[in-house]
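Descriptive analysis of the structure
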Amino acid sequence: FLNALASVRPNNRFKVVVVDRRSLYVLNQELKSSEVYEHDVVRIEKIENNRRDDPSVEALYFLTPSKQSVARLINDFAPGVPSQHPAGGRGGGSFGAPASAAGKQTKYRAAHVYFTSELPNSLLALVKNSGITPYIRALKEMCIEYDVNDSRVFLTKLVDRPFYRLYSPVVAGGFNDELELISKKLANVCGTLKENPVVRYLLLDQETHGDTKARPLAFLFHTEMERIREVLPTEDEAGGRKPPTELIIVDRSADPYAPVLHEFTYEAMVHDLLDIEDGKKFSYTAQLANGTEETKIVMLDETDPVWQEFRFQHISDAQQGILKKFQALVGSNRAIVGMQSGERVDLSRMRDVVNNMPQFKDQMSLIASHITIMQRCMDQFEKLHLNDLGLLEQNLAVGLTPEGDKYKSGDLDIAYVLNNPSIASEDKLRLLLIFFISNPTLTEPERQKLAQLAKLSREARETIKGMGLVIRWLHALDLLKQIKQRPSQQAKGAGLSKWGLASMRAAATGNSQQGGDDESKPYDVSRYVPAFKSVLEGCVEGNLSEELFPYVVPPERPRDSSGLGMSARTTPTFAQGDRTGSPATSMWSSIANSVGIQTQQDARASSVPAQGSANAQKQIKSLRSSKPTWQKRDSTPSVATTNSSSPSGAVSGMAAITSSAAAMSLSPTVPQGPSRSKQQARGRVILFVIGGVTYSE
């Protein structure tokens with residue numbers, strides 16, 4: 001956009017920038033207003049507003065290619081359309097002002113039009129036939145119709161109600177239009193990155209898993225790329241052949257746990273528990289030393305080094321880390337601290353103190369802000385009883401207790417939470433959704449009865465019904481296990497690629513030992529590992545199932561074991577009819593009995609043995625009176641399961657970011673190991689999630 005600003009050079013030097021609501025948001029994501037005004041811009045106007053005529057200046061239009069914006073552009077210059085003037089504004093024009101063929105004064109002298117993405121042919125024809133082409137000095141498509149979340153993640157948002165527009169049966173007939181819009185935005189991203197990816201998608205049986213969106217979007221995107229494929233470079237900067245990039249398209253049915261589980265990394269807690277403006281601005285009132293109050297604003301983005309250092313860490317680790325950072329800062333600036341406390345210093349030392357004071361104050365203020373934010377998070381953590389809720393959620397999702405035992409006693413725990421008035425309704429809803437996923441044999445009436453027991457609102461009960469349109473309750477757990485399943489040779493530790501992630505981590509750190517380190521074990525409330533981690537690792541290591549993730553167009557030639565995307569044709573063997581892996585299969589009858597719900601099948605009432613009830617009672621006691629376990633790491637290294645074997649301690653994420661229509665998680669080239677230069681260059685892996693990604697993902 002800066003290049004566009006620089007290229008528009010009117011004879012009288014100055015120009016006006018005209019934007020619409022959506023393009024202004026895109027512009028604000030990338031530039032500050034001051035940066036725009038530096039390019040001889042006299043003002044920025046919204047095209048939706050009633051603007052005054054200014055026929056002496058030229059205008060740079062930065063618009064979304066929508067019918068409304070194009071119609072307003074035409075209205076600014078079209079012949080025969082009366083111009084509206086605000087009270088006291090310019091009427092009939094001034095000497096030398098341009099006028100249309102019908103004598104109407106135009107809004108501006110000329111228009112330099114830039115669209116955020118491709119202008120549909122129908123709208124282009126509308127512009128051509130409107131009679132305003134003599135006033136258009138330039139018309140270009142910039143292909144930037146996506147939102148940059150940070151250097152690794154971007155979003156392709158729809159305007160409003162994205163899940164409704166993609167999944168609701170009421171508007172299901174138009175979902176192809178929504179997917180086509182997403183495919184265009186996705187093509188914009190690839191054009192910006194100068195990437196022509198090989199496309200893969202999650203292939204699901206429609207009768208079993210419902211109307212998934214990954215396959216149609218994959219083919220729409222492949223068609224959309226045809227218009228820009230020829231102009232994309234095929235060689236890297238050194239003149240060699242570019243390494244292949246893989247784009248994997250999935251939807252939220254691939255991992256329904258992640259959006260509803262509570263996550264306890266610093267970033268996730270901030271966005272889940274605090275009020276964040278525009279996705280990155282946090283405001284709070286600070287008490288100053290003189291007793292006055294001051295409003296402070298913290299921008300939580302990649303320009304904040306403290307945020308970058310701790311955002312992905314568990315909140316317990318982040319608290320310890322920022323305390324060490326604070327102590328190190330104070331220790332390295334003892335002279336400043338001493339002078340502030342009244343210590344007498346000579347002139348030479350005072351000069352050094354004064355020189356270092358601004359930097360010290362800035363660093364101290366930033367650290368103090370993050371200490372405040374962490375404390376606010378922990379206040380909410382205690383207030384919302386997230387220690388007990390997080391442990392219960394993890395037990396249901398992982399199927400194991402923190403000690404490694406099979407979780408069988410959740411019935412009374414869930415009943416206690418649903419009957420507890422101090423638990424927020426939103427958290428009860430999230431817990432119920434987790435229980436429904438882990439117990440796929442429940443019927444819809446049974447799910448609604450539990451929602452009524454929790455005294456959830458009608459909107460929350462509709463959310464439960466809506467979740468059934470995104471996933472199929474009966475098969476969601478089976479699909480999750482299929483995606484997380486890894487090839488048998490990896491489970492045995494044999495045949496691992498030299499570029500396996502475990503090997504690369506060991507090479508990068510110089511540590512070849514795996515396991516045994518207590519610091520690598522997940523916390524009790526952070527044991528669940530998102531399914532997309534398995535997908536990305538399988539792609540990078542070259543063993544992602546081609547049956548489950550086929551190509552739209554297979555690669556031109558097979559790649560060797562060191563090339564990206566060489567996929568073993570592995571077929572998942574998890575039986576769909578096998579429900580024994582569900583930790584909550586036997587919970588329904590105990591919950592129903594404990595809360596007085598009459599089931600349709602009396603046989604269920606006797607399915608829970610007495611020992612299970614005793615364990616449940618023991619577990620319910622822990623919910624009420626046990627000491628916090630959110631900062632306790634898993635102490636069972638001998639237990640190896642799909643959900644808890646990862647050393648990263650990653651957990652599933654929040655619902656906040658999944659409100660977007662679609663989110664893109666971007667992984668750059670694979671991190672370099674010591675012998676990286678001897679290997680083939682690696683391309684990007686792009687994971688696109690229809691429905692949005694969570695902070696854990």
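The structure displayed is predicted, hence computed values, not measured ones. (Residues numbered from 1 in each chain as written. Predicted model: local features only at pLDDT ≥ 70, side-chain atom pairs only at ≥ 80, totals over all residues. Heavy atoms only, no water.)

1. Some words on the overall build of the chain
Each helix and strand in the chain was counted, giving 25 helices and 13 strands. Looking at the chain as a whole, 50% of its 697 residues qualify as buried. Taking all contacts inside the chain whose residues are at least 6 apart in sequence as the whole, residues at least 24 apart take part in 79%. Surface summary for the chain: the accessible area is close to 33,500 Å², and the carbon and sulfur share equals 50%. (Helix = DSSP H or I, 4+ residues; strand = E, 2+ residues; numbered from the N terminus. Buried < 20%, exposed > 50% of the residue type's maximum accessible area, 1.4 Å probe, protein only. Contact = heavy atoms within 4.5 Å. Areas by Shrake-Rupley, 256 points an atom, 1.4 Å probe, with all protein chains shown as cover.)

2. Structural notes on the packing of helix α20 (residues 473–484) against helix α23 (residues 531–541)
Across the interface, α20 lies against α23 with an axial gap of 8 Å and an inter-helix angle of 30°. Like other packed secondary-structure pairs, α20 and α23 cross with a definite hand, here left-handed. The residues of α23 that touch α20, namely those facing Leu 480, Ile 483 and Lys 484, are Ala 531, Ser 534 and Val 535. Here the residues of the contact of α20 with α23 are counted per class, giving four nonpolar, one polar and one charged. (Axes fitted to C-alpha atoms, helices over the stretch in contact; angles between N-to-C directions. Left-handed = near helix turned anticlockwise from the far one by under 90°. Nonpolar A, V, L, I, M, F, W, Y, C, P; charged D, E, K, R; others polar.)

3. Description of the sheet that holds strand β2 (residues 41–46)
Across the sheet, which stays open at both edges, the five strands sit in the order β2-β1-β3-β4-β5 with parallel pairing between neighbours. At either margin of the open sheet sits one strand with a lone partner, and together these are β2 and β5 (136–141). Between one strand axis and the next, the sheet turns through 15° on average, direction left out of account. As judged from the five bridges shared by strand β3 (residues 58–63) and strand β4 (residues 111–115), these two strands associate in the parallel manner. Across the sheet, the residue bridging to Ala 59 is Ala 111, located in β4. Sitting on the sheet, helix α4 (residues 67–77) touches β3 and β4, and the angle it makes with β3 is about 170°. (Pairing = 2+ DSSP bridges.)

4. Brief notes about the pairing of strand β10 (residues 281–287)
Going residue by residue along β10, you find Phe 282, Tyr 284 and Ala 286 tucked away on one face and Lys 281, Ser 283, Thr 285 and Gln 287 left uncovered on the opposite face. Summarising the sheet, β10 and strand β11 (residues 293–299) pair through seven bridges and their orientation is antiparallel. Within the sheet, the bridge partner assigned to Tyr 284 lies in β11 and is Lys 296. Hairpin connection, β10 to β11: the antiparallel pair is bridged by five residues, and Gly 291 has positive phi, about 95°.

5. Some points on α4
By the burial criterion, the buried members of α4 are Ser 69, Val 70, Leu 73, Ile 74, Asp 76 and Phe 77. Down the axis, α4 shows its buried residues gathered within 155° of arc, on one side only. In α4, the exposed positions that point more than 90 degrees away from the buried face belong to Lys 67 and Gln 68. (Arc of directions from axis to C-beta.)

6. Some thoughts on the packing of aromatic side chains
One pass over the structure, following the stated rule, counts 11 aromatic pairs. Ring pairs connect the aromatic residues Tyr 61, Phe 77, Tyr 108 and Tyr 135, which therefore count as one cluster. Across the ring face of Tyr 528, the terminal group of Lys 484 is positioned such that the distance to the ring centre comes to 3.9 Å. (Phe/Tyr/Trp six-rings, centres within 6.5 Å; stacked < 30°, edge-to-face > 60°. Lys NZ or Arg CZ within 6 Å of the ring centre and 35° of its normal.)

7. What about the packing of α4 against helix α5 (residues 121–128)?
Here α4 crosses α5 at 10°, and the two axes come no closer than 10 Å. The angle between α4 and α5 falls in the class roughly parallel. Contact residues: Lys 67, Val 70 and Ile 74 in α4; Leu 123, Leu 126 and Val 127 in α5. The class makeup of the residues in the contact of α4 with α5 is five nonpolar, no polar and one charged. (Parallel < 35°, antiparallel > 145°, perpendicular 65-115°, else oblique.)

8. Comments concerning the environment of Pro 259
Locating Pro 259 in the fold gives a position in the loop between β9 (246–251) and α10 (266–273). On the accessibility criterion, Pro 259 (11% relative accessible area) is buried.

9. Observations regarding unusual backbone geometry
Backbone geometry at Arg 13 places phi at a positive 80°, although glycine is not the residue there. Phi is positive for Asp 278, close to 55°, though the residue is something other than glycine. Assignment of secondary structure puts Asp 278 in the loop between α10 and β10. By relative accessible area, which is 66% here, Asp 278 ends up exposed.

10. Let's talk about the side chain of Arg 200
Relative to the assigned elements, Arg 200 resides in strand β8 (residues 198–201). Overall, the relative accessible area of 0% leaves Arg 200 in the buried class.

11. A look at the pattern of salt bridges
Inspection of the entire model under this criterion finds 25 salt bridges. One salt bridge in this structure joins Arg 51 and Asp 76, with 3.0 Å as the shortest N-O distance. Of this pair, Arg 51 sits in the loop between β2 and β3 while Asp 76 is found in helix α4, placing the two residues 25 residues apart along the sequence. Since its relative accessible area comes to 1%, Asp 76 is described here as buried. For Glu 697, the salt bridge is made with Arg 252, and the minimal N-O distance between the two is 2.9 Å. Of this pair, Glu 697 sits in the segment after β13 (685–690) while Arg 252 is found in the loop between β9 and α10, placing the two residues 445 residues apart along the sequence. A single network of salt bridges, built from pairs that share partners, joins Glu 118, Lys 184, Glu 224 and Arg 227. (Salt bridge = Lys/Arg side-chain N within 4 Å of Asp/Glu carboxyl O.)

12. Let's talk about the pairing of strand β1 (residues 15–19)
Summarising burial for β1: five of the five residues are buried, a large majority. Neither face of β1 is left uncovered, since the one carrying Lys 15, Val 17 and Val 19 and the one carrying Val 16 and Val 18 both have all their residues buried. In this structure, β1 lies alongside β3, joined through five bridges in parallel fashion. Looking at the pairing, Val 17 lines up with Leu 60 of β3.

13. What to know about a nonpolar patch on the surface
Together, Leu 323, Phe 326 and Ile 371 give the surface a local cluster of nonpolar side chains, amounting to about 240 Å² of exposed area. Among the structural elements, Phe 326 can be located in helix α12 (residues 315–331). (Patch = residues over 30% accessible without salt bridge, like charges linked within 9 Å, V, L, I, M, F, W, Y side chains within 5 Å.)

14. A few points about the environment of Val 70
Topologically, Val 70 is positioned in helix α4. Once residues within four sequence positions are removed from consideration, Val 70 is found in contact with Phe 115, Leu 119, Leu 123, Leu 126 and Val 127.

15. Some thoughts on α12
The end-to-end C-alpha distance of α12, which contains 17 residues, comes to 24 Å, matching closely the 24 Å that a straight helix rising 1.5 Å per residue would cover. All of the buried residues along α12 are Ile 315, Ser 316, Ala 318, Gly 321, Ile 322 and Leu 329. (Expected span 1.5 Å × (residues − 1).)

16. Side note on the confidence of the model for the chain
Taken over all residues, the pLDDT of the chain has a mean of 75, while the share at 70 or more is 69%. Low pLDDT, under 50, characterises residues 80–97; the stretch is placed with 30 contacts to residues that sit more than four places away or in other chains. Low confidence marks residues 511–519, where pLDDT is under 50. Its contacts with residues over four positions away, or in another chain, come to six contacts. (pLDDT = per-residue confidence, 0-100.)

17. Observations regarding the environment of Lys 107
Note on placement: Lys 107 falls in the loop between α4 and β4. Assessed through its relative accessible area of 8%, Lys 107 is described here as buried. On a C-alpha basis, the gap between Lys 107 and Ser 56 in space is 9.2 Å, while along the polypeptide they are 51 residues apart.

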